[in-house]
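# Working through the structure, step by step
Chain by chain, the residues run as shown.
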Amino acid sequence: MNLLSIRKFVTAINREAPADSNRIYVPHIYQPATLGKLYAKNIQLSDLFDNNAPKHDFLVHLVKTIASGKLDKKCVVIDILSAAMDISKRQENGKGLQNMKYGPDIDQFCHELLCLSPMAYRAFQKEAGARSERSVQKMRTNTPQFLQGITRQVISQAEKYLKDYQYSNELLLSLSVDDTKLLAAFRPYFDNQVHKWFIAGGIGSPIEVIDVTTLSQQLNSLGKTKATKLHLWTLQIVLPHVPPGIIAYEPLGGSNTAHDLPEMEKRILDLLVGELGLKIISLGSDGTIVECEAYKLSPPISFPLLKVHGQVMVVVQDPKHARKTMHNNLFSGAQFLILGKHPIYYEQVRKIAFDIECTPLYNRDVKKLDCQDDCATARPFSADTLAYIICYSPESIGLFIYLYAFGEMIDDMKVKQLHTSNE
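Residues numbered from 1 in each chain as written. Predicted model: local features only at pLDDT ≥ 70, side-chain atom pairs only at ≥ 80, totals over all residues. Heavy atoms only, no water.

## Points about the environment of phenylalanine 190
Put simply, the rule is: For helices the rule is a DSSP run of H or I covering at least 4 residues; for strands it is a run of E covering at least 2, with both sets numbered from the N terminus onward. Contact definition: two residues touch when any of their heavy atoms are within 4.5 Å.
Positionally, phenylalanine 190 belongs in strand 2 (residues 187-191). Sequence spacing of phenylalanine 190 and threonine 141 is 49 residues, and the spatial spacing of their C-alpha atoms is 9.5 Å. Apart from residues no more than four positions distant in its own chain, phenylalanine 190 is found in contact with Gln145, His195, Lys196 and Trp197.

## So, the confidence of the model for the chain
We count it as follows: Residue-level confidence of the predictor, termed pLDDT, takes values from 0 up to 100.
Per-residue confidence for the chain gives a mean pLDDT of 78, with 82% of residues at or over 70. Across residues 417-423, confidence stays below pLDDT 50; counting only partners more than four residues off in sequence or on other chains, it has six contacts.

## Re the nonpolar core
Spelled out, the test is: What makes a nonpolar core is a set of buried Ala, Val, Leu, Ile, Met, Phe, Trp, Tyr and Cys residues whose side-chain atoms join them at distances within 4.5 Å. With a 1.4 Å probe rolled over the protein chains alone, any residue whose accessible area is under 20% of its type maximum counts as buried; one over 50% counts as exposed, and the rest are partly exposed.
Formed by 31 residues in total, the largest nonpolar core has its most connected members in Leu175, Ile268 and Ile280. If you list the elements that add at least two residues to this core, you get helix 8 (153-164), strand 1 (172-181), strand 5 (229-237), strand 6 (245-252), helix 10 (261-275), strand 7 (279-285) and strand 9 (305-308). Counting residues per element, this core draws most heavily on helix 10, which supplies seven residues.

## Things to note about the packing of helix 4 (residues 75-92) against helix 5 (residues 104-116)
Defined as follows: Note on geometry: axes are lines fitted to C-alpha atoms, helical ones only across the stretch in contact, with angles between N-to-C directions running from 0 to 180 degrees. Orientation labels follow simple angle bins: below 35 degrees gives roughly parallel, above 145 gives roughly antiparallel, 65 to 115 gives roughly perpendicular, and whatever is left gives oblique. Think of it as three bins: nonpolar holds Ala, Val, Leu, Ile, Met, Phe, Trp, Tyr, Cys and Pro, charged holds Asp, Glu, Lys and Arg, and polar takes everything else, Gly as well.
Their axes nearest at 8 Å, the elements helix 4 and helix 5 cross at an angle of 100°. If you check the angle between helix 4 and helix 5, you find them roughly perpendicular. Touching Cys75, Val76, Asp79 and Ile80 of helix 4 are Pro104, Asp105, Ile106 and Phe109, all from helix 5. Tallied by class, residues from the contact of helix 4 with helix 5 come to six nonpolar, no polar and two charged.

## A look at unusual backbone geometry
Its identity as a non-glycine residue notwithstanding, glutamine 166 has a phi of 50°, on the positive side. Relative to the assigned elements, glutamine 166 resides in the loop between helix 8 and strand 1.

## Points about a nonpolar patch on the surface
To keep things clear, this is the line we draw: Residues form patches when they are more than 30% accessible in relative terms and have no salt bridge. Like charges link within 9 Å. Nonpolar side chains (Val, Leu, Ile, Met, Phe, Trp, Tyr) link within 5 Å. Each accessible area is a Shrake-Rupley estimate made with a 1.4 Å probe; only the visible protein chains count as cover when residues are assessed. When a carboxyl oxygen of Asp or Glu is within 4 Å of a side-chain nitrogen of Lys or Arg, the pair counts as a salt bridge.
Residues Leu3, Leu4, Ile6, Phe9 and Ile13 make up a contiguous nonpolar surface patch of about 440 Å² in total accessible area. Mapped onto the secondary structure, leucine 4 falls in the segment before helix 1 (7-14).

## Examining the pairing of strand 5
Going by this rule: In this description, strands pair whenever DSSP reports at least two bridges between them.
Most of strand 5 is tucked away: seven of the nine residues are buried. With nine bridges connecting them, strand 1 and strand 5 associate as antiparallel partners. Pairing of aspartate 178 across the sheet is with leucine 232, part of strand 5. With seven bridges joining them, strand 5 and strand 6 adopt antiparallel strand pairing. Following the sheet pairing, leucine 232 is matched in strand 6 by tyrosine 249.

## Focus on the packing of aromatic side chains
Stated precisely, the cut-off is as follows: In this analysis, rings of Phe, Tyr and Trp, with Trp reduced to its six-membered ring, are considered paired at centre separations within 6.5 Å, and the interplanar angle assigns stacked below 30 degrees, edge-to-face beyond 60, and tilted for intermediate values.
Within the structure shown, the criterion is met by seven aromatic pairs. For the ring pair phenylalanine 331 and tyrosine 346, a centre distance of 5.2 Å and an interplane angle of 75° mean the geometry is edge-to-face. With phenylalanine 331 in helix 12 (residues 319-331) and tyrosine 346 in helix 13 (residues 346-353), this residue pair connects regions lying 15 residues apart in the sequence. A residue is classified by how much of its surface remains accessible, and phenylalanine 331, at 17% relative accessible area, is buried. Taking the centre distance of 6.2 Å and the plane angle of 0° together, the rings of phenylalanine 400 and tyrosine 404 count as stacked. Placement of both phenylalanine 400 and tyrosine 404 in helix 16 (residues 397-414) is noted, with a separation of four residues, approximately one turn of the helix. A relative accessible area of 24% means that phenylalanine 400 is categorised as partly exposed. Through a chain of ring-to-ring contacts, three or more aromatic side chains come together here, namely Phe109, Tyr121 and Phe124.

## Here's the deal with the packing of helix 5 against helix 7 (residues 133-142)
As a packed pair, helix 5 and helix 7 sit with axes 10 Å apart at the nearest point and diverge in direction by 105°. When the axes of helix 5 and helix 7 are compared, the pair comes out roughly perpendicular. Taking contact as the criterion, the partners of Asp107, His111, Leu114 and Cys115 in helix 5 are, on helix 7, Glu133, Val136, Met139 and Arg140. Considering only residue class, the contact of helix 5 with helix 7 consists of four nonpolar, one polar and three charged.

Right, dumping it as structure tokens:
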């Protein structure tokens, strides 16, 4: 039988499918009642089942992925999708974005992106409909400020750091400190917690503004108390792939000596070890003369271990600064380095750098060198440099041993996955 010859069949197949909002009125003999109610309640639900609908495969895959829980840990992605749907509903209803609520994860992501690159955030905000820059700045001002100096906040910051990573305070930790240069200047700011104005940028604690009308005179009276560098302390969980947490900072001047630093170190250790009871086993620094002298002033139990509130610690230097120290020792002409009967000196490395045909180094690695350049200090310890010495400068045995031994030591310090016995 030819189906096309049946009038009722031809009429049925030529009839247009009803809109989703009218599905509820379709007789139950043609579709289940439950399905009609779903179509009516969720407009455009049919796009998920229509193979010819735009982006059908993407929509089905997205729904399956979310329903399976694979995006549960991608909190920022979920918040972005939720915000996009909320914005779409507001636009359909003719409403603006005033008083729109965002998830905490996307708020944190937007804050970090705005701090890293305002231009990148503007592009993201335009496409994703995130908070305006002013809204992010207002949200930032409402959060508690990081107090300057070594205060009781050290304990709360340490507790929060350990809680965020679910790390017990009975396990091992490391405390590190480093300096960074500051542009010497005073700057007034308003503290929302006490509702007062203060002046930051000086040595010691922030100074309260006595009278706004006499601010210029107060700044002039501060004179030469501007801070030129910042002393920053971080707490580190001794596990790979875990970033450190900032717990305190102190502005310093250029006149600070080794006698000033132990007092600050003692105050912060009294809070972390004495009161909080943390198991800090090492103190890290960049190894400058002032900081090394400061550690010597601490009460030792046996060289080079220290003991603070019954907790034994060892003073260490981080791998990058250790490599810079070994590099600068090699380039320094103050003392002549000798391994056995083999001398080590700057001219050996300079000849390698100026071998135009096959040198693994650059001219700037030895001439007008920036001693704080990580790449320049790492290249002499590389495998290419060692291979060059073997092939083209076999008489520089002492230089080869020096670069190989300390290069391997630094690599072992950086690879935290190595077992202690292998190190």
